[in-house]
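# Breakdown of the fold
Chain by chain, the residues run as shown.
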Amino acid sequence: MAVLSSLLCSPARFISPFRLRLWDFSPYKRRTWLLSVQRCYTSDSSNSSDHHHSSGLERYKDLQKYFNRRLKAAYHRFSNIPDHSLVCGHNHVYFIERDGIYRVDQRQSDPEPEQVLHLGQVSRQEEKTGLINEERIQWIVQRIRLSPQEKHLAATLKTPDTEEPRCVVVRLRKRNSPPPPDPQHIVLTLDKVFSFEWATDDVLFYTTLEALRCSKVFRLDLTSKESRITSVFEETHPDVFVEVVLSRDRQILSINGNSRSSSEVLLIDGTTSHLEPFLVQPRQPDLLYHVEHWRESLVILANTGPGQEYQVLQSPLSKPSMASWVPLFTPDSGTVIKDMDVIGDHCVLVARTAAGGLVLIVVSLTNPKEAYTVQLPSWACSIQTKKPGMADRGTVLQFLISSPVHTPIPYSLSPEDGLLLSGSKDGSSPGAQGRITTTRLEACNQDGTLVPVTLFHSGPVGGLRQAPLLVHVYGAYGRDLNMEFCPEKRLLLEQGWTLAFCHIRGGGERGLSWHRQACVEGKQRGVEDLRACLHHLFSSGVSSPSLTALTACSAGAVAVGALCNTHTHMMRAVTLQAPFLDVLGSMEDPSLPLTLEDREEWGDPVGNPEHRPIISSYCPLHNITPQCYPSMLLTAYSGDARVPLAGVLKYTELLKKAIHTHFTLNPKSEYEPAPNILLNIQPGENHLGPEDFELMLEEEALRLAFLYTELGLEPPRPQRKRRR
């Protein structure tokens, strides 16, 4: 169900959803978390963490070791929860292991896994071409795509040191055919490939990623004698990001070109021989749309509804332009569409209601008036749909629902009869009944806007005054706050913490208008929303400022950093990962890869004189003043192209100077504890954090050690079993 995700596919300043999946290969093969999540192959010597910047972090070392053990135990405990990592062909199931990609034949009673790609083979190819010498290469498999009849497999790989993936194309062995001399036959490799889809068994369309921008589409033709690459499309607008996507029925391939505020889609009909792209609707300002295929029609999701929100429309495939769009379904006021899929003769929508809960809305494509709503458990905060297998008849939608503290539960929906089946007996998260409470609140901003807050806690809200509180926030690019399951969050909740997720303006929780209200001139609204959320939580009896910590990633650091400058008394500690803190400096530098693309989000201080004072008014780095700030742990990555390290270094230096000035000019302030400002610099270009499981644990354990220390909490000790 990657419809709206494609409208937000640009590599902006955000952290993607929970990146380490739990893999269950039963009945073929079961793997524990510690083996599966790494998904990488390492050659040569191991990487040392001695190069990590660790000034001031030594004081947390012992507690970090303790939480490393606790986190490892938590990940072990949740090692068998379901996910959708398997790729299903006609007769084979494909899965990823540490050293490559494997498959098993479902037609066999006791199948043996067959390795179709060994990541060491990719390294050896590099060695032959002289591209590497003695350096360590750590390959991580990102995506797998099968050609229609499983003649070829294409997969993208990357290393932690670069943002640019490599695509490897492998020829697959047919059943009962003699094994070739090279059983894992790599046909060719393609550099810098971002998105890719097969149109036929021998034709692959793909986009390339350069400087965090996708603007070109290529076509790879494979024949028995040679391979040929031709250019198909090139986008000239610098703020447009291009990707290729295959329809659910695998008949139509779309070239989606999306900016922050407009879309343009070209289609390639895979059932024809020429495979030439044709335009759906030319780009026009403020029109966002995406298409799916159904019979001889297109099902279109576009922001042509009331208030420029999403609605569902339909047009003939032969006449796809906007003049032929006919509305099929418009949600009720207060309900916003988050995603769309076409299952059989039905359109299934993921929607968020005015109360903040997730529901499914099923619209019959043969009789659109017959729409009905499927209620989901009240705790459901995230939906992940399963990509259909090649043998899938397309009559059932399979998906997982979860929350930050509820493990994923598999569901299946038959749109034809409305039958919703759960993978658990009562449709709730295993082991969570009666211990976890999900409360949805609304905080009133000073302008009267009600800001939703999702609260996870144990016990009644009125009894949370002494509970430590961890507040999560994002509020940018129209993206919802990540609400997928995370073992770290579950561990905190079980140790007595309360977790709050503040859905401030700038995000997309309440539709496109929720984002528009906090773009450019309205960015300060997101900061005010966050302040209102904290005030409402404290007023409702949830924790107190001395027991409160804020956490954010990437662009979410803007609201947190701005609030720290104006309301330092509202929190005791802050943790920021890959933080975007120098908004003004970044938007003034057109040489940075995201500056031109991000002008619709943050403004253009160079080209529009009115934008400079607006950005300056809230930019975290440019509003640091001498005062007592909360303690901060900032984690940055040395080669991060989205958030340059220079801005984080400058922010940290200015913050430390401001705190020193405050304590120098105010001798009486020596009685208040001085905050600890810590910068943890990690190597590599990965904006999403370390791919390696052990390094990820170290980072999470340090964050927990920091929070417990700065909030003055005693770490929970596991109860020892009595000896008999």
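Located above this text is the structure these notes cover.
Predicted, not measured: the structure shown is a model, and the values here were computed from it. (Residues numbered from 1 in each chain as written. Predicted model: local features only at pLDDT ≥ 70, side-chain atom pairs only at ≥ 80, totals over all residues. Heavy atoms only, no water.)

Across its full length, the protein chain carries 13 helices and 39 strands. Within the protein chain, contacts between residues at least 6 apart in sequence are counted, and of these 61% link residues at least 24 apart. Looking at the protein chain as shown, the accessible area adds up to about 29,800 Å², and 50% of this sits on carbon and sulfur atoms. (Helix = DSSP H or I, 4+ residues; strand = E, 2+ residues; numbered from the N terminus. Contact = heavy atoms within 4.5 Å. Areas by Shrake-Rupley, 256 points an atom, 1.4 Å probe, with all protein chains shown as cover.)

This paragraph deals with unusual backbone geometry. For Leu275, which is not a glycine, the phi torsion comes out positive at approximately 55 degrees. The topology assignment puts Leu275 in the loop between strand 18 (263-269) and strand 19 (278-281). Phi is positive for Gln308, close to 55 degrees, though the residue is something other than glycine. Structurally, the position occupied by Gln308 is in the loop between strand 21 (297-302) and strand 22 (311-316).

Here the focus is helix 11 (residues 611-618). Taken together, the buried positions of helix 11 are His611, Ile615 and Tyr618. One side of helix 11 carries all its buried residues, which in axial view fall inside an arc of 75 degrees. Buried-residue contacts for helix 11 involve helix 7 (523-539), helix 8 (557-566), helix 9 (583-587) and helix 10 (599-602). (Buried < 20%, exposed > 50% of the residue type's maximum accessible area, 1.4 Å probe, protein only. Arc of directions from axis to C-beta.)

All right, on to the pattern of salt bridges then. Going through the model one piece at a time under the given rule, you end up with 27 salt bridges. Close ionic contact of Glu442 with Arg510 constitutes a salt bridge, the shortest N to O distance being 2.6 Å. One end of the pair, Glu442, is in strand 32 (residues 437-444); the other, Arg510, is in the loop between strand 35 (498-502) and helix 6 (512-516), and 68 residues separate them in sequence. Using a relative accessible area of 36% as the deciding quantity, one classes Glu442 as partly exposed. Classification of Arg510 as partly exposed rests on a relative accessible area of 23%. Here the salt bridges share partners, and the residues they tie into one network are Arg77, Arg490 and Glu494. (Salt bridge = Lys/Arg side-chain N within 4 Å of Asp/Glu carboxyl O.)

Let us now look at the side chain of His152. Looking at the secondary structure, you find His152 in strand 9 (residues 152-158). Polar side-chain contacts of His152 include one of 2.9 Å to the backbone oxygen of Asp201. (Polar contact = N/O pair within 3.5 Å; in protein donor to acceptor, adjacent residues only side chain to side chain.)

As defined by bridge partners, strand 14 (residues 213-222) adjoins strand 15 (residues 227-234) across seven bridges and the pair is classed as antiparallel. Within strand 15, the residue paired with Val217 across the bridge is Phe233. As consecutive antiparallel partners, strand 14 and strand 15 are separated by four residues. (Pairing = 2+ DSSP bridges.)

A few words on the nonpolar core. With 99 residues, the main nonpolar core has Leu530, Leu550, Val560, Val583, Trp602, Met632 and Leu634 as its most contacted residues. A per-element tally of this core places helix 13 (residues 693-710) first, with ten residues. Every residue in contact with Leu634, bar those within four places of it in the chain, is listed here: Leu576, Pro579, Leu581, Val648, Tyr651, Thr652, Ile677, Leu678, Leu679 and Asn680. (Core = buried A, V, L, I, M, F, W, Y, C linked by side-chain atoms within 4.5 Å.)

Positionally, Asp202 belongs in the loop between strand 12 (193-200) and strand 13 (203-210). When its relative accessible area of 23% is taken as the criterion, Asp202 is described as partly exposed. Here the alpha-carbon distance between Asp202 and His152, two residues 50 residues apart in the chain, equals 7.7 Å. The residues touching Asp202, leaving out its near neighbours within four places in the chain, are Lys151, His152, Leu220, Asp221 and Leu222. Within polar-contact distance, the side chain of Asp202 engages the side chain of Lys151 at 3.0 Å.

A few words now on the sheet that holds strand 33 (residues 450-457). Ordered by their spatial adjacency, eight strands build an open sheet running 32-33-35-34-36-37-38-39, and the pairing between neighbours is mixed. A single partner strand is all that each edge strand has here, and the edge strands are strand 32 and strand 39 (677-682). Across the sheet, the mean angle from the axis of one strand to that of its neighbour is 20 degrees, orientation sign disregarded. Of the pairings in the sheet, the one linking strand 38 (residues 631-637) to strand 39 comprises six bridges and is parallel in character. Within the sheet, the bridge partner assigned to Leu634 lies in strand 39 and is Leu679. Sheet contacts for helix 12 (residues 645-665): strand 38 and strand 39; angle to strand 39, the most-contacted strand, approximately 165 degrees. Sitting on the sheet, helix 13 is in contact with strand 34 (469-473), strand 36 (548-553), strand 37 (573-577), strand 38 and strand 39, with an inclination near 165 degrees to strand 38. (Axes fitted to C-alpha atoms, helices over the stretch in contact; angles between N-to-C directions.)

Attention shifts here to the sheet that holds strand 20 (residues 289-294). Strand order in the open sheet formed by four strands is 20-21-22-23, and the pairing between neighbours is antiparallel. Each of the sheet's edge strands pairs with one partner strand only, and the pair in question is strand 20 and strand 23 (326-329). Neighbour-to-neighbour, the strand axes of this sheet turn through a mean angle of 35 degrees, independent of strand direction. Relative to strand 22, strand 21 runs antiparallel, the two sharing six bridges. Looking at the pairing, Ala302 lines up with Gln311 of strand 22.

Time to look at the pairing of strand 13. Across the eight residues that make up strand 13, a large majority, seven, are buried. Relative to strand 13, strand 12 runs antiparallel, the two sharing five bridges. Considered in strand 13, the bridge of Glu197 is made with Phe205. Counted between consecutive antiparallel strands, the loop separating strand 12 from strand 13 contains two residues. Note that strand 13 and strand 14 share eight bridges and pair antiparallel. Paired with Thr207 across the bridge in strand 14 is Val217. Between strand 13 and strand 14, which pair antiparallel and follow one another directly, the connecting turn spans two residues, one of which, Ala211, has a positive phi of 55 degrees.

Moving on, we get to the packing of aromatic side chains. If you walk through the whole model with that rule in mind, you get 14 aromatic pairs. Through a chain of ring-to-ring contacts, three or more aromatic side chains come together here, namely Tyr66, Phe67, Trp497 and Tyr708. Of note, Arg145 hangs over the ring of Phe196, and the distance from its end group to the ring centre comes to 5.8 Å. (Phe/Tyr/Trp six-rings, centres within 6.5 Å; stacked < 30°, edge-to-face > 60°. Lys NZ or Arg CZ within 6 Å of the ring centre and 35° of its normal.)

This next bit is on the packing of helix 7 against helix 8. A pair of packed helices is characterised by two quantities: the angle between their axes and the separation of those axes. At a minimum axis distance of 9 Å, the contact between helix 7 and helix 8 shows a crossing angle of 70 degrees. By the criterion of interaxial angle, the relationship of helix 7 to helix 8 is roughly perpendicular. Our pair here, helix 7 against helix 8, has a crossing hand that is right-handed. Taken together, the residues of helix 8 that come into contact with helix 7 (itself represented by Val527, Leu530, Arg531 and Leu534) are Ala559, Val560, Ala562 and Leu563. (Parallel < 35°, antiparallel > 145°, perpendicular 65-115°, else oblique. Left-handed = near helix turned anticlockwise from the far one by under 90°.)

Our next topic: the packing of helix 3 (residues 61-77) against helix 5 (residues 487-494). Viewed as axis vectors pointing N to C, helix 3 and helix 5 meet at an angle of 110 degrees, and their least axial separation amounts to 9 Å. Classed by the angle they form, the pair helix 3 and helix 5 counts as roughly perpendicular. The handedness of the crossing between helix 3 and helix 5 is right-handed. Where helix 3 approaches helix 5, its residues Arg70, Leu71, Tyr75 and Arg77 are matched on the opposing element by Pro487, Glu488, Arg490, Leu491 and Glu494. Residues of the contact of helix 3 with helix 5, tallied by class, amount to four nonpolar, no polar and five charged. (Nonpolar A, V, L, I, M, F, W, Y, C, P; charged D, E, K, R; others polar.)

By the element assignment, Leu655 lies in helix 12. When its relative accessible area of 0% is taken as the criterion, Leu655 is described as buried. Taking the C-alpha atoms as reference points, Leu655 and Pro620, 35 residues apart in sequence, are found 10.0 Å from one another.

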